[in-house]
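If you want the building blocks of each chain, they are given just below.
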Amino acid sequence: MDRLATVVHRTPIMRSETTNKLVGKHVYFKMENQQKTGAFKFRGASFKLTQLSNEQLKKGVIAASAGNHAQGVANAASKLNVRATIFMPEKTPVAKINATRAYGADVVLTGESFQEAYEASLKRQMQTGAEYIHPFDDYDVMAGQGTIATEMLQQEDRIDTILVPVGGGGLISGIATAAKQKNPHIKVIGVQAAGASAMYTSYCHRQVARLDKVSTIAEGIAVKKPGERTLPLIRRYVDDIMTVSDEEIAAATVYMLERNKTLLEGAGATPLAALFAHNSKIKSDHCGMVMSGGNMDISTLPMIQQLASKHHHSA
(Lines give C-alpha, C1' and ligand atoms only; values in the text may rest on other atoms or scores of the structure.)
Protein backbone atom coordinates (compact mmCIF):
# COMPACT_ATOMS: atom_id res chain seq x y z
CA MET A 1 0.00 0.00 0.00
CA ASP A 2 2.94 2.35 0.62
CA ARG A 3 3.69 2.30 -3.10
CA LEU A 4 0.25 3.76 -3.69
CA ALA A 5 0.70 6.54 -1.14
CA THR A 6 3.08 8.36 -3.46
CA VAL A 7 0.64 8.21 -6.39
CA VAL A 8 -2.90 8.74 -5.09
CA HIS A 9 -4.31 11.66 -3.11
CA ARG A 10 -5.05 11.02 0.54
CA THR A 11 -8.49 12.56 0.21
CA PRO A 12 -9.93 14.66 3.05
CA ILE A 13 -12.80 13.76 5.35
CA MET A 14 -15.49 16.43 5.44
CA ARG A 15 -17.98 16.97 8.22
CA SER A 16 -21.29 18.80 8.22
CA GLU A 17 -23.11 19.89 11.37
CA THR A 18 -26.31 20.34 9.38
CA THR A 19 -26.19 16.70 8.28
CA ASN A 20 -25.30 15.50 11.79
CA LYS A 21 -28.37 17.28 13.20
CA LEU A 22 -30.66 15.99 10.45
CA VAL A 23 -29.79 12.33 11.01
CA GLY A 24 -28.74 12.36 14.67
CA LYS A 25 -25.35 10.83 13.90
CA HIS A 26 -21.80 12.01 13.41
CA VAL A 27 -21.27 11.78 9.66
CA TYR A 28 -17.88 11.68 7.93
CA PHE A 29 -17.74 12.21 4.18
CA LYS A 30 -14.68 10.60 2.57
CA MET A 31 -14.20 12.88 -0.43
CA GLU A 32 -13.11 10.55 -3.21
CA ASN A 33 -14.67 13.01 -5.66
CA GLN A 34 -11.46 14.97 -4.96
CA GLN A 35 -9.26 12.02 -5.92
CA LYS A 36 -7.13 12.33 -9.08
CA THR A 37 -9.40 11.86 -12.13
CA GLY A 38 -12.35 12.82 -9.90
CA ALA A 39 -13.10 9.34 -8.56
CA PHE A 40 -11.77 6.49 -6.41
CA LYS A 41 -11.11 4.32 -9.48
CA PHE A 42 -7.61 5.77 -9.84
CA ARG A 43 -6.60 3.81 -6.73
CA GLY A 44 -7.49 0.36 -8.04
CA ALA A 45 -6.07 1.03 -11.50
CA SER A 46 -2.80 2.35 -10.09
CA PHE A 47 -2.39 -0.55 -7.70
CA LYS A 48 -3.13 -3.08 -10.44
CA LEU A 49 -0.57 -1.52 -12.80
CA THR A 50 2.13 -1.50 -10.08
CA GLN A 51 1.64 -5.28 -9.77
CA LEU A 52 2.38 -5.95 -13.47
CA SER A 53 5.82 -6.88 -14.79
CA ASN A 54 7.62 -4.76 -17.41
CA GLU A 55 6.93 -7.54 -19.93
CA GLN A 56 3.21 -7.28 -19.24
CA LEU A 57 3.22 -3.48 -19.35
CA LYS A 58 4.95 -3.51 -22.75
CA LYS A 59 1.89 -5.22 -24.25
CA GLY A 60 -0.28 -2.30 -23.16
CA VAL A 61 -3.45 -2.41 -21.08
CA ILE A 62 -7.09 -2.67 -22.06
CA ALA A 63 -10.29 -1.96 -20.12
CA ALA A 64 -14.00 -1.30 -20.41
CA SER A 65 -15.72 1.42 -18.42
CA ALA A 66 -18.73 3.66 -18.13
CA GLY A 67 -16.34 6.48 -17.32
CA ASN A 68 -14.40 6.66 -14.06
CA HIS A 69 -12.44 3.43 -14.39
CA ALA A 70 -11.54 4.61 -17.91
CA GLN A 71 -9.99 7.79 -16.56
CA GLY A 72 -8.31 5.95 -13.69
CA VAL A 73 -6.68 3.42 -16.03
CA ALA A 74 -5.78 6.07 -18.62
CA ASN A 75 -4.07 8.28 -16.04
CA ALA A 76 -2.31 5.40 -14.26
CA ALA A 77 -1.09 4.10 -17.64
CA SER A 78 0.14 7.52 -18.78
CA LYS A 79 2.22 7.87 -15.59
CA LEU A 80 3.99 4.61 -16.51
CA ASN A 81 4.15 5.39 -20.27
CA VAL A 82 1.95 2.40 -20.99
CA ARG A 83 -0.47 2.32 -23.91
CA ALA A 84 -4.12 2.09 -22.84
CA THR A 85 -7.19 1.20 -24.90
CA ILE A 86 -10.58 1.80 -23.29
CA PHE A 87 -13.95 0.55 -24.49
CA MET A 88 -16.87 2.75 -23.40
CA PRO A 89 -20.65 2.54 -23.98
CA GLU A 90 -21.91 4.83 -26.76
CA LYS A 91 -24.00 6.89 -24.32
CA THR A 92 -21.07 7.74 -22.04
CA PRO A 93 -21.10 11.45 -21.05
CA VAL A 94 -18.88 13.46 -23.39
CA ALA A 95 -16.92 14.92 -20.46
CA LYS A 96 -15.80 11.42 -19.43
CA ILE A 97 -14.82 10.47 -23.00
CA ASN A 98 -12.81 13.67 -23.45
CA ALA A 99 -11.10 13.32 -20.09
CA THR A 100 -10.09 9.73 -20.91
CA ARG A 101 -8.63 10.80 -24.27
CA ALA A 102 -6.85 13.70 -22.55
CA TYR A 103 -4.86 11.18 -20.49
CA GLY A 104 -3.64 9.70 -23.77
CA ALA A 105 -5.81 6.58 -24.03
CA ASP A 106 -7.40 5.24 -27.22
CA VAL A 107 -11.18 5.25 -26.73
CA VAL A 108 -13.51 2.84 -28.54
CA LEU A 109 -17.23 3.65 -28.21
CA THR A 110 -19.50 0.62 -28.53
CA GLY A 111 -22.73 -0.87 -27.12
CA GLU A 112 -25.60 0.52 -25.09
CA SER A 113 -24.30 -0.35 -21.63
CA PHE A 114 -21.14 -1.36 -19.78
CA GLN A 115 -21.88 -5.04 -20.50
CA GLU A 116 -21.66 -4.65 -24.29
CA ALA A 117 -18.53 -2.50 -24.09
CA TYR A 118 -17.01 -5.08 -21.75
CA GLU A 119 -17.72 -7.97 -24.13
CA ALA A 120 -16.21 -6.04 -27.05
CA SER A 121 -13.10 -5.26 -25.00
CA LEU A 122 -12.60 -8.96 -24.16
CA LYS A 123 -12.62 -9.80 -27.88
CA ARG A 124 -9.96 -7.14 -28.54
CA GLN A 125 -7.88 -8.42 -25.65
CA MET A 126 -7.89 -11.92 -27.18
CA GLN A 127 -6.55 -10.45 -30.42
CA THR A 128 -3.85 -8.21 -28.93
CA GLY A 129 -2.72 -9.96 -25.73
CA ALA A 130 -2.82 -6.67 -23.83
CA GLU A 131 -3.21 -6.87 -20.03
CA TYR A 132 -6.85 -6.69 -19.00
CA ILE A 133 -7.67 -4.21 -16.23
CA HIS A 134 -11.14 -5.13 -14.98
CA PRO A 135 -13.08 -2.32 -13.26
CA PHE A 136 -14.08 -4.45 -10.29
CA ASP A 137 -13.60 -8.22 -10.67
CA ASP A 138 -9.88 -8.27 -9.89
CA TYR A 139 -8.22 -8.79 -6.51
CA ASP A 140 -5.48 -6.18 -7.11
CA VAL A 141 -8.08 -3.60 -8.17
CA MET A 142 -10.11 -4.37 -5.03
CA ALA A 143 -6.99 -4.07 -2.87
CA GLY A 144 -6.32 -0.63 -4.35
CA GLN A 145 -9.86 0.51 -3.54
CA GLY A 146 -9.45 -0.89 -0.02
CA THR A 147 -6.88 1.83 0.74
CA ILE A 148 -9.89 4.15 1.20
CA ALA A 149 -10.97 2.27 4.32
CA THR A 150 -7.44 2.24 5.70
CA GLU A 151 -7.21 6.02 5.26
CA MET A 152 -10.67 6.68 6.70
CA LEU A 153 -9.92 4.76 9.87
CA GLN A 154 -6.58 6.55 10.27
CA GLN A 155 -8.32 9.89 9.81
CA GLU A 156 -11.24 9.08 12.15
CA ASP A 157 -10.89 5.97 14.28
CA ARG A 158 -14.35 6.29 15.85
CA ILE A 159 -16.11 5.32 12.61
CA ASP A 160 -18.34 2.30 13.36
CA THR A 161 -20.18 2.03 10.02
CA ILE A 162 -19.20 2.72 6.41
CA LEU A 163 -21.72 3.31 3.63
CA VAL A 164 -20.41 2.45 0.17
CA PRO A 165 -21.86 2.72 -3.37
CA VAL A 166 -22.13 -0.64 -5.14
CA GLY A 167 -22.11 -1.44 -8.86
CA GLY A 168 -20.03 -4.51 -9.68
CA GLY A 169 -18.74 -4.59 -6.12
CA GLY A 170 -15.02 -3.83 -6.42
CA LEU A 171 -15.11 -0.80 -4.14
CA ILE A 172 -17.11 -2.38 -1.34
CA SER A 173 -15.16 -5.67 -1.53
CA GLY A 174 -11.89 -3.82 -1.02
CA ILE A 175 -13.31 -1.58 1.69
CA ALA A 176 -15.06 -4.35 3.61
CA THR A 177 -11.99 -6.60 3.54
CA ALA A 178 -9.64 -3.81 4.68
CA ALA A 179 -12.05 -2.40 7.29
CA LYS A 180 -12.79 -5.78 8.92
CA GLN A 181 -9.07 -6.53 9.16
CA LYS A 182 -8.63 -3.30 11.11
CA ASN A 183 -11.77 -3.70 13.18
CA PRO A 184 -13.96 -6.82 12.89
CA HIS A 185 -16.88 -4.99 14.56
CA ILE A 186 -17.16 -2.26 11.97
CA LYS A 187 -20.31 -2.45 9.84
CA VAL A 188 -20.08 -2.11 6.07
CA ILE A 189 -23.31 -1.31 4.22
CA GLY A 190 -23.63 -1.22 0.44
CA VAL A 191 -25.93 1.08 -1.49
CA GLN A 192 -27.32 0.35 -4.96
CA ALA A 193 -29.58 2.28 -7.28
CA ALA A 194 -33.01 0.64 -7.34
CA GLY A 195 -32.87 0.69 -11.15
CA ALA A 196 -29.63 -1.33 -11.19
CA SER A 197 -29.94 -3.67 -8.24
CA ALA A 198 -28.20 -6.86 -9.42
CA MET A 199 -25.86 -7.04 -6.42
CA TYR A 200 -28.66 -6.25 -3.95
CA THR A 201 -30.82 -9.06 -5.38
CA SER A 202 -27.90 -11.51 -5.51
CA TYR A 203 -26.92 -10.64 -1.93
CA CYS A 204 -30.46 -11.07 -0.57
CA HIS A 205 -31.13 -14.33 -2.42
CA ARG A 206 -28.92 -17.33 -2.96
CA GLN A 207 -28.81 -17.13 -6.75
CA VAL A 208 -26.92 -14.61 -8.88
CA ALA A 209 -29.12 -11.99 -10.53
CA ARG A 210 -28.38 -10.89 -14.05
CA LEU A 211 -30.46 -7.92 -15.23
CA ASP A 212 -31.57 -7.46 -18.84
CA LYS A 213 -31.52 -3.73 -18.48
CA VAL A 214 -30.44 -1.11 -15.98
CA SER A 215 -31.91 2.36 -15.61
CA THR A 216 -30.53 4.96 -13.19
CA ILE A 217 -29.01 8.44 -13.11
CA ALA A 218 -26.07 6.81 -11.28
CA GLU A 219 -24.40 5.54 -14.46
CA GLY A 220 -21.21 4.78 -12.53
CA ILE A 221 -22.94 1.88 -10.76
CA ALA A 222 -25.28 0.78 -13.58
CA VAL A 223 -23.98 -2.79 -13.73
CA LYS A 224 -26.10 -5.71 -14.99
CA LYS A 225 -24.50 -8.50 -12.97
CA PRO A 226 -22.21 -8.83 -9.94
CA GLY A 227 -18.57 -9.75 -10.22
CA GLU A 228 -17.71 -13.44 -9.82
CA ARG A 229 -14.92 -12.56 -7.40
CA THR A 230 -16.66 -9.69 -5.64
CA LEU A 231 -19.95 -11.43 -4.77
CA PRO A 232 -18.42 -14.09 -2.46
CA LEU A 233 -16.40 -11.40 -0.62
CA ILE A 234 -19.53 -9.26 -0.27
CA ARG A 235 -21.56 -12.18 1.08
CA ARG A 236 -18.79 -12.81 3.57
CA TYR A 237 -17.86 -9.31 4.75
CA VAL A 238 -20.72 -6.91 3.97
CA ASP A 239 -23.38 -6.48 6.65
CA ASP A 240 -26.24 -5.16 4.53
CA ILE A 241 -27.13 -3.74 1.12
CA MET A 242 -29.83 -1.12 0.60
CA THR A 243 -31.33 0.47 -2.49
CA VAL A 244 -32.25 4.09 -3.22
CA SER A 245 -34.45 5.60 -5.92
CA ASP A 246 -33.25 8.07 -8.56
CA GLU A 247 -35.33 10.76 -6.80
CA GLU A 248 -33.48 10.05 -3.55
CA ILE A 249 -30.10 10.13 -5.33
CA ALA A 250 -31.01 13.41 -7.04
CA ALA A 251 -32.14 14.96 -3.73
CA ALA A 252 -28.84 13.94 -2.07
CA THR A 253 -26.87 15.40 -5.00
CA VAL A 254 -28.68 18.75 -4.73
CA TYR A 255 -28.32 18.72 -0.93
CA MET A 256 -24.52 18.27 -1.18
CA LEU A 257 -24.28 21.02 -3.77
CA GLU A 258 -26.40 23.50 -1.80
CA ARG A 259 -25.32 22.76 1.77
CA ASN A 260 -21.76 21.55 1.37
CA LYS A 261 -20.67 23.17 -1.93
CA THR A 262 -19.69 19.76 -3.23
CA LEU A 263 -20.41 18.26 -6.64
CA LEU A 264 -21.09 14.53 -6.65
CA GLU A 265 -22.10 12.31 -9.53
CA GLY A 266 -25.10 10.02 -9.02
CA ALA A 267 -23.09 7.05 -7.76
CA GLY A 268 -21.18 9.27 -5.32
CA ALA A 269 -24.40 10.58 -3.78
CA THR A 270 -25.91 7.16 -3.05
CA PRO A 271 -24.49 6.76 0.50
CA LEU A 272 -26.08 10.05 1.58
CA ALA A 273 -29.31 9.14 -0.20
CA ALA A 274 -29.34 5.89 1.81
CA LEU A 275 -28.62 7.69 5.08
CA PHE A 276 -31.59 10.01 4.49
CA ALA A 277 -33.90 7.24 3.25
CA HIS A 278 -32.97 4.48 5.72
CA ASN A 279 -31.67 6.48 8.70
CA SER A 280 -33.67 4.57 11.33
CA LYS A 281 -32.30 1.24 10.05
CA ILE A 282 -28.68 2.41 10.18
CA LYS A 283 -27.56 1.95 13.77
CA SER A 284 -24.45 4.09 13.98
CA ASP A 285 -22.97 6.90 16.09
CA HIS A 286 -20.06 7.62 13.78
CA CYS A 287 -21.01 6.95 10.19
CA GLY A 288 -18.47 7.07 7.36
CA MET A 289 -19.60 7.65 3.79
CA VAL A 290 -17.60 7.02 0.63
CA MET A 291 -18.41 9.86 -1.77
CA SER A 292 -17.00 7.84 -4.63
CA GLY A 293 -16.82 10.36 -7.47
CA GLY A 294 -17.69 13.77 -8.83
CA ASN A 295 -17.56 13.38 -12.59
CA MET A 296 -20.99 14.67 -13.38
CA ASP A 297 -22.10 15.84 -16.79
CA ILE A 298 -23.11 19.39 -15.82
CA SER A 299 -25.74 19.51 -18.57
CA THR A 300 -27.76 16.95 -16.57
CA LEU A 301 -28.12 19.29 -13.56
CA PRO A 302 -31.56 20.69 -14.54
CA MET A 303 -32.90 17.12 -14.87
CA ILE A 304 -31.40 16.25 -11.48
CA GLN A 305 -32.97 19.32 -9.86
CA GLN A 306 -36.30 18.35 -11.35
CA LEU A 307 -36.04 14.79 -10.03
CA ALA A 308 -34.99 16.08 -6.62
CA SER A 309 -38.00 18.38 -6.43
CA LYS A 310 -40.26 15.32 -6.70
CA HIS A 311 -38.69 13.96 -3.56
CA HIS A 312 -39.44 15.45 -0.14
CA HIS A 313 -37.30 14.33 2.74
CA SER A 314 -37.06 16.02 6.10
CA ALA A 315 -34.19 18.20 4.89
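Here, every reference points to the structure presented above.
Residues numbered from 1 in each chain as written. Predicted model: local features only at pLDDT ≥ 70, side-chain atom pairs only at ≥ 80, totals over all residues. Heavy atoms only, no water.

Draft legend 1. Quick peek at the overall build of the protein. Within the protein one finds 14 helices and 10 strands. Viewed in the frame of its principal axes, the protein has a C-alpha envelope of about 55 × 40 × 40 Å. The proportion of buried residues among the 315 residues of the protein is 59%. Residue pairs at least 24 apart in sequence account for 72% of intrachain contacts in the protein once pairs closer than 6 positions are excluded. When the accessible surface of the protein is totalled, it reaches about 13,200 Å², and 49% of it is carbon and sulfur. A distance of 2 Å separates the average location of the 36 positive side-chain charges in the protein from that of its 29 negative side-chain charges. (Helix = DSSP H or I, 4+ residues; strand = E, 2+ residues; numbered from the N terminus. Buried < 20%, exposed > 50% of the residue type's maximum accessible area, 1.4 Å probe, protein only. Contact = heavy atoms within 4.5 Å. Areas by Shrake-Rupley, 256 points an atom, 1.4 Å probe, with all protein chains shown as cover. Lys, Arg positive; Asp, Glu negative; His and termini not counted. Charge placed at Lys NZ, Arg CZ, Asp CG, Glu CD.)

Draft legend 2. View of the sheet that holds strand β4 (residues 84-88). Spatially, β5-β4-β3-β6 is the arrangement adopted by the four strands of the open sheet, whose pairing is parallel. The open sheet terminates on both sides in strands that have one partner only, identified here as β5 (106-109) and β6 (131-132). As paired strands, β4 and β5 are joined by four bridges and run parallel to one another. Bridge pairing links I86 to V107 in β5. (Pairing = 2+ DSSP bridges.)

Draft legend 3. Here's a closer look at the sheet that holds strand β8 (residues 187-193). The mixed open sheet is built from six strands, whose spatial order is β1-β2-β10-β7-β8-β9. The outermost strands of the open sheet, each flanked by one partner alone, are β1 (13-15) and β9 (240-244). Averaged over all pairs of adjacent strands, the angle between their axes in this sheet comes to 25°, without regard to strand direction. By the bridge criterion, three bridges tie strand β7 (residues 161-165) to strand β10 (residues 286-291) in an arrangement that is parallel. Of the residues in β10, the one forming a bridge with T161 is C287. Set on the sheet, helix α12 (residues 246-260) makes contact with β1, β2 (26-31), β8, β9 and β10; between it and β9 the angle comes to about 85°. Where helix α13 (residues 266-277) meets the sheet, it contacts β2, β7, β8, β9 and β10, and its direction lies at approximately 155° from that of β10. (Axes fitted to C-alpha atoms, helices over the stretch in contact; angles between N-to-C directions.)

Draft legend 4. Representation of the side chain of T253 within the structure. Here T253 is to be found in helix α12. Apart from residues no more than four positions distant in its own chain, T253 is found in contact with L264, A269, M296 and I304.

Draft legend 5. Looking closely at the state of the cysteines. With the rule as written, the count across this model stands at zero disulfides. We note that C204 lacks a disulfide partner, and the nearest cysteine sulfur, in C287, lies 19 Å from it. For C204, a relative accessible area of 40% corresponds to the partly exposed category. With a relative accessible area of 0%, C287 lands in the buried category. (Disulfide = S-S within 2.5 Å.)

Draft legend 6. Expanded view of empty space enclosed by the protein. A full pass over the atoms with the stated rule returns one cavity of 30 Å³ or more. Considering the residues around the largest cavity, the lining is formed by 27 residues, among which F40, K41, G220, I221 and V223 are closest to the centre. Those elements that provide at least two residues to the lining of the largest cavity are α5 (68-79) and α9 (170-182). Looking at the lining of the largest cavity residue by residue, the classes come out as 13 nonpolar, 11 polar and three charged. (1 Å grid on protein atoms, 1.4 Å probe; cavity = no way out; pocket = protein on both sides within 12 Å on 5 of 7 lines; lining within 4 Å. Points joined across faces, edges and corners; volume = space filled by probe spheres on them. Nonpolar A, V, L, I, M, F, W, Y, C, P; charged D, E, K, R; others polar.)

Draft legend 7. Seen up close, the layout of surface pockets. A volume near 570 Å³ is recorded for the largest pocket. Taken together, 24 residues line the largest pocket, and the ones lying closest to its centre are K91, P93, T216, E219 and A222. For the lining of the largest pocket, the residue count by class is 10 nonpolar, seven polar and seven charged.

Draft legend 8. Just the pattern of salt bridges, in detail. One pass over the structure, following the stated rule, counts 13 salt bridges. The salt bridge involving K224 is made with E112; its shortest N-O contact spans 3.3 Å. Taken together, the positions of K224 in the loop between α10 (198-204) and α11 (230-237) and E112 in the loop between β5 and α7 (114-128) put the pair 112 residues apart, joining distant regions of the chain. With relative accessibility at 6%, the residue K224 sits in the buried group. Ionic pairing is found between K180 and D239, a salt bridge with its closest N-O pair at 2.7 Å. With K180 in helix α9 and D239 in the loop between α11 and β9, the pair connects residues that are 59 residues apart, well separated along the chain. By relative accessible area, K180 is classed as buried at 16%. Looking at D239, the relative accessible area reads 36%, which means it is partly exposed. Taken together, the shared-partner salt bridges in this structure form one network comprising K30, E32, R43 and E151. (Salt bridge = Lys/Arg side-chain N within 4 Å of Asp/Glu carboxyl O.)

Draft legend 9. Structural detail: unusual backbone geometry. For T37, which is not glycine, the phi torsion reads 65° and is therefore positive. Along the chain, T37 turns up in the loop between β2 and α3 (41-50). If you check the backbone angles, N81 has positive phi at about 55° while not being a glycine. Mapped onto the elements of the fold, N81 is located in the loop between α5 and β4. Accessibility expressed as a relative area gives 74% for N81, which makes it exposed.

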